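Chains, contacts and geometry: an overview
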Amino acid sequence: MSHGHSAALEAHLDTANIRLGGAGLKARRLALAAGVVGIGASVLLGGAYGGEHGIFLIKSWLQVFLLVLSASLGALFFVIIQHLTHAGWSVTVRRPAELIASNLTWIWVLFLPFVVMAATGKLGVLFPWADLEHLKAHAPGEYDLVVAKSAFLNQPFFWIRAAVYFLVWALLARFYLKGSLEVGETGNVAVEARLSKWAGPSAILFGLTTSFAAFDWIMSLSPGWFSTMFGVYFFAACATTGFSTIIICCLLLQRSGRLQGLVSAEHYQDLGKLLFGFGIVFWAYIAFSQYMLIWYANIPEETGWYLARQIGNWPYVSLALLFGHFVIPFLGLISKWPKRMPQFLMLGALWMIAFAWVDFFWLVMPTIPHELAEAADYMAIVEAYRDAPTGIFNPINLTMTMGLVGIYAWATLNRLERYPLVCRRDPWLQNAVAFENM
Amino acid sequence: MSTLVTTPRESTGGSGVPGHRRVYGVIAEFETPGAILKAAEQVRLAGYRWWDCCTPFPVHGLDKAMGVKNTILPWLVFGAGATGTTVAFLLQSFTNSFDFTIWAMVWVTGYPFLISGKPLLSLPAFIPVMFELTILLAATSCFGLMFLFNGLPRHSHPLLANDRFRRVTNDRFFVVIETRDPRYRPGHTEEFLRSLGPVAVEAVEEEPCPE
């Protein structure tokens, strides 16, 4: 069957061009080795650098877990909006995104350390609301705020919600990958229509689950604090890592000689636009909106969260985020040519992932000084925490990143090896290959 | 395949012979996007400068075939945006944070105004206005300059009075070479266009000037 593809296009759909084969074998083994060594080294270093109760170790795990999770969630978002808008241009870059998103079927494994913590009664070390007795004894002011939220912030409900998030993400990622694989085999338009039909409900489910996951896993680290736009902030972070990961994945596949003649500068320009629009500008818009409302209203139970990020050495990290996550990449990627130049776009995507890492570090690591709830004088606290370290040079950062990103890269390469790298019989494939930015 | 149409008052290109209208330019009509792509490349290679292609829909690769250079519009928009940021910051910091006097059409003095205990010069409070003015100036300059660069608004155009040219909104593709092109030679240019394999070549007259 010809499926209406031109001869030139059929030549590009040759197995050697759309199958990774053994080309990723070395990288895959390297990633697995980095993962195992990284996690092992982190656990070993946990005793020396993890602080009391290994708190730094577990926070670092949470931070890097969120980083790799956000890459898959961002990719899932990309896949859903392509179907939602019936986009033709993106067919040639959609399969890598689907495969990155399909990591959501196993990502719950990386959440197991928290299950172990809960099973041994230690969850309160990370999430203060999980150990109300301890909170009452150490921060009675915050205790009152947190008790009022215990209908939501209690362990049984927390675990039910976590299970729902993982289930929804796994089902969505599987649904879109399976459907795409079927279209790739048969060119069945009915399947494509089904994927589009469910894109709307999928987007709603995606929005709700990511927002609530952000409330549960990041915001509830400081359970006295709240921000109604926090879910959107996490979504913006997902866009940053997700689009960056898709870009890096496509560039590396092309560097290994795959997807030749299928993915062009036109596709990279559009992926770059999405990264620029969502991952850089929208992120900054949301981050600033959240900051400004709290700064202006100046209510102590809200400002405490930002105070924790402005005392000691934290201003350096906060400013690094402002310039590294917004100002510099904004100027760097605003033009057309950097998005069309593979080397520059690769640099931009890696840069954005590095600062997404800093972003999650900034979200997860700081703790609001427990004296704050009763404090009469803010400046006394600022003075007391004058030399508070950030822990950004803690070696666990390096080993943990190596570990979890290694495991994630290994799993992603596994998927890239197992499936065709492009949806071969997609009715829009010809359009996607011919796509040009006007 | 080409039905050649006589070019009325062919020899008048450029000069204002009484009773004869000036010739605005020559159009060549093509039937397919592929044909106009090839033709555009030939016209570019022949060294013409004052010419254009008119098509019913955007044709991929036509810019490249014509050798159209990138517009400088993005740089001007960036400049306008940066101006907006700067002006908004200066305006707000001057009016809210300082009390010196400057001359801006009239003598104006800043009015330091303490709002909810924030510092007089507090950037976060200024950013929404800086953002808005950036967008305002960038968007309006982009909109306005785009029209200006395109020579718009313009109420009429010689091509629009040509009957053959009307099919440009439906199914025909046209190359237009204007007589003001330094390489334009009456007769010679028409001959050149015919060599590109159009379905028709025709001269287009300037519109009559109102008496």
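Residues numbered from 1 in each chain as written. Chains lettered and ligands numbered in written order. Predicted model: local features only at pLDDT ≥ 70, side-chain atom pairs only at ≥ 80, totals over all residues. Heavy atoms only, no water.

**Re the domain arrangement of chain B**
Looking at chain B, the domain boundaries give domain 1 (9–69 + 185–205) and domain 2 (73–149). Distance from the C-alpha centre of domain 1 of chain B to the C-alpha centre of domain 2 of chain B: 48 Å. (Domains from an automatic or database assignment.)

**Description of the pattern of salt bridges**
It is possible for side chains of opposite charge to pair when their charged atoms get near one another. Overall, the coordinates contain 17 salt bridges over all chains when judged by the stated rule. Salt-bridge contacts for A:Glu266 lead to A:Arg340; the nearest nitrogen and oxygen are separated by 2.8 Å. One end of the pair, A:Glu266, is in helix H13 (residues 265–297); the other, A:Arg340, is in helix H16 (residues 336–340), and 74 residues separate them in sequence. Among the residues examined, A:Arg340 registers a relative accessible area of 26% and is labelled partly exposed. Ionic pairing is found between B:Glu178 and B:Arg180, a salt bridge with its closest N-O pair at 2.5 Å. Judged by its relative accessible area of 11%, B:Glu178 falls in the buried class. Here the salt bridges share partners, and the residues they tie into one network are B:Glu29, B:Glu31, B:Arg164, B:Arg172 and B:Glu202. (Salt bridge = Lys/Arg side-chain N within 4 Å of Asp/Glu carboxyl O. Helix = DSSP H or I, 4+ residues; strand = E, 2+ residues; numbered from the N terminus. Buried < 20%, exposed > 50% of the residue type's maximum accessible area, 1.4 Å probe, protein only.)

**Some thoughts on the side chain of A:Thr240**
Looking at the secondary structure, you find A:Thr240 in helix H12 (residues 230–255). A polar contact of 3.0 Å, which involves the side chain of A:Thr240, links it to the backbone oxygen of A:Ala236. (Polar contact = N/O pair within 3.5 Å; in protein donor to acceptor, adjacent residues only side chain to side chain.)

**Notes on the sheet that holds strand S5 (residues 173–178) of chain B**
Residues and elements named next belong to chain B. Ordered in space as S2-S5-S1-S6, the 4 strands form an open sheet in which the pairing is antiparallel. Across the chains shown, the open sheet's two edge strands, defined by having one partner strand only, are strand S2 (51–54) and strand S6 (200–205). Each strand axis lies, on average, 20° off the axis of its neighbour in the sheet, ignoring direction. Sheet topology places strand S1 (residues 23–30) next to S6; 6 bridges connect them, and they run antiparallel. For glycine 25, the partnering residue across the bridge sits in S6 and is valine 204. Contacts from helix H1 (residues 33–45) reach S1, S2 and S5 within the one sheet, and its direction differs from that of S5 by about 20°. (Pairing = 2+ DSSP bridges. Axes fitted to C-alpha atoms, helices over the stretch in contact; angles between N-to-C directions. Contact = heavy atoms within 4.5 Å.)

**A short note on the pairing of S5(B)**
All names here are of chain B. Taken across its 6 residues, S5 has 6 buried, putting it largely inside the fold. The side-chain alternation of S5 yields two buried faces, one formed by Phe173, Val175 and Ile177 and the other by Phe174, Val176 and Glu178. The pairing of S1 with S5 spans 6 bridges and is antiparallel. Residue pairing for S5: alanine 28 is matched across the bridge by valine 175. Bridge count between S2 and S5: 4 bridges; the pairing is antiparallel. Bridge assignment links tryptophan 51 to a residue of S5, and that residue is isoleucine 177.

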